[in-house]
Amino acid sequence: RTWGRALLSRRPLREPRTHMPERILDARIEHEGRALRVLGAHPMRPGRAALTKRRNTVLERLGTLAGEEPGVVVLGDLNVTEGSPFFRDLLAAGALSDTRAGRGRMGAWRVSLARYGIDLPWMRLPLDHVLAGRSLATADRRLGPDIGSDHLPVVADLGWCD
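Residues numbered from 1 in each chain as written. Predicted model: local features only at pLDDT ≥ 70, side-chain atom pairs only at ≥ 80, totals over all residues. Heavy atoms only, no water.

Things to note about the overall build of the chain
Then step 1. Counting its secondary structure elements, the chain contains two helices and eight strands.
Then step 2. For the chain, the sequential pattern of α-helices and β-strands runs β-β-β-α-β-α-β-β-β-β.
Then step 3. By the compact-globule yardstick of 15 Å for 162 residues, the chain fits well, its C-alpha radius of gyration being 15 Å.
Then step 4. C-alpha extents for the chain along the principal axes are approximately 45 × 35 × 30 Å.
Then step 5. Among the 162 residues that make up the chain, the fraction classed as buried is 42%.
Then step 6. Considering only intrachain contacts with a sequence separation of at least 6, the fraction spanning at least 24 residues in the chain is 54%.
Then step 7. Counting only carbon and sulfur atoms, one obtains 55% of the accessible surface of the chain, whose full area is about 8800 Å².
Then step 8. Between the mean site of the 26 positive side-chain charges and the mean site of the 19 negative ones, the chain shows a separation of 5 Å. (Helix = DSSP H or I, 4+ residues; strand = E, 2+ residues; numbered from the N terminus. Rg over C-alpha atoms; globule rule 2.2 N^0.38 Å. Buried < 20%, exposed > 50% of the residue type's maximum accessible area, 1.4 Å probe, protein only. Contact = heavy atoms within 4.5 Å. Areas by Shrake-Rupley, 256 points an atom, 1.4 Å probe, with all protein chains shown as cover. Lys, Arg positive; Asp, Glu negative; His and termini not counted. Charge placed at Lys NZ, Arg CZ, Asp CG, Glu CD.)

Okay, structure coming up:
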């Protein structure tokens, strides 16, 4: 059970599973002839102490799973910004790099105003992430077009660096 979460790929997913109770999606795909592990999550938004704790538990587990191997991508609406110590802990635990690094804020969440047809780019929050393991390099990262969600798609072009 994934509670509405899905991991979709043009390439076959190998060894798909869900880590419980965090609801982290985990699968492998072949990328440039090598096995790439993909971890996807959408933890609870922070708010009351219990919700924030649940979110932080998912981020901690993501870091542990990502740190198991260098050929990994972590992606999803992680409900955390780059300024959070929990985000920095995730990067450190998983030996991950932020594909946004050096490319500006690139906020994809339109702060609940999209439903009213209002999009103020300076108000967007970067809650949606693509994080790359140490065997991967980011060639490009950009926001995709409006697809009718309050989040814009995040597109990252990655390649092997070792």
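What to know about helix α1 (residues 49-66)
Three- or four-residue spacings in an α-helix give side chains the same orientation, since the helix completes a turn every 3.6 residues.
Then step 1. Taking 1.5 Å per residue, 18 residues should reach 26 Å; α1 reaches 26 Å between its end C-alpha atoms and fits that length.
Then step 2. Within α1 the residues assigned to the buried category are Leu51, Arg55, Asn56, Val58, Leu59, Leu62, Gly63, Leu65 and Ala66.
Then step 3. Residues of α1 that are buried make contact with β1 (14-19), β2 (24-31), β3 (34-40), β4 (72-77) and α2 (85-94). (Expected span 1.5 Å × (residues − 1).)

Some thoughts on the sheet that holds β1
Then step 1. If you walk across this open sheet you meet the six strands as β1-β2-β3-β4-β6-β5, and the pairing is mixed. Single-partner strands in this sheet number two, and they are β1 and β5 (97-98).
Then step 2. Packed on one face of the sheet, α2 meets β5 and β6 (128-132) and runs near 25° to β6. (Pairing = 2+ DSSP bridges. Axes fitted to C-alpha atoms, helices over the stretch in contact; angles between N-to-C directions.)

Regarding α2
Then step 1. Every buried residue of α2 is listed here: Phe87, Leu90, Leu91 and Gly94. The buried residues of α2 occupy one face: seen down the axis, they fall within an arc of 95°.
Then step 2. Among the residues of α2, the N-terminal cap falls to Ser84, whose side-chain oxygen and the backbone nitrogen of Phe86 are separated by 3.0 Å.
Then step 3. Once α2 ends, the next one or two residues include Ala95, with phi positive near 50°. (Arc of directions from axis to C-beta. Polar contact = N/O pair within 3.5 Å; in protein donor to acceptor, adjacent residues only side chain to side chain.)

Let's talk about the side chain of Glu69
Then step 1. Residue position: Glu69 is located in the loop between α1 and β4.
Then step 2. Within the structure, Glu69 has its side chain in polar contact with the side chain of Arg28 (distance 2.8 Å).
Then step 3. Every residue in contact with Glu69, bar those within four places of it in the chain, is listed here: Arg28 and Arg37.

Considering the environment of Arg28
Then step 1. As for its position among the elements, Arg28 is in strand β2.
Then step 2. Sequence separation between Arg28 and Pro16 is twelve residues, and the spatial gap between their C-alpha atoms is 7.1 Å.
Then step 3. Setting aside anything within four residues of it in sequence, one finds Arg28 in contact with Pro12, Leu13, Arg14, Glu15, Leu36, Arg37 and Glu69.

Considering a nonpolar patch on the surface
Then step 1. A surface patch of nonpolar side chains, amounting to about 490 Å² of accessible area, comprises Tyr116, Ile118, Leu120 and Trp122.
Then step 2. On the secondary structure map, Ile118 appears in the loop between β5 and β6.
Then step 3. Taking relative accessible area as the criterion, Ile118 reaches 38% and is therefore assigned partly exposed. (Patch = residues over 30% accessible without salt bridge, like charges linked within 9 Å, V, L, I, M, F, W, Y side chains within 5 Å. Salt bridge = Lys/Arg side-chain N within 4 Å of Asp/Glu carboxyl O.)

Some details on the packing of α1 against α2
Then step 1. Interhelical geometry of α1 versus α2 gives an angle of 20° and a closest axis separation of 7 Å. Between α1 and α2, the angle is such that the two are roughly parallel. As for the relative orientation of α1 and α2, their crossing is right-handed in sense. Between α1 and α2, the residues in contact are Arg55, Asn56, Leu59, Leu62, Gly63 and Ala66 and Phe86, Leu90, Ala93 and Gly94, respectively.
Then step 2. Taken together, the residues of the contact of α1 with α2 sort by class into six nonpolar, three polar and one charged. (Parallel < 35°, antiparallel > 145°, perpendicular 65-115°, else oblique. Left-handed = near helix turned anticlockwise from the far one by under 90°. Nonpolar A, V, L, I, M, F, W, Y, C, P; charged D, E, K, R; others polar.)

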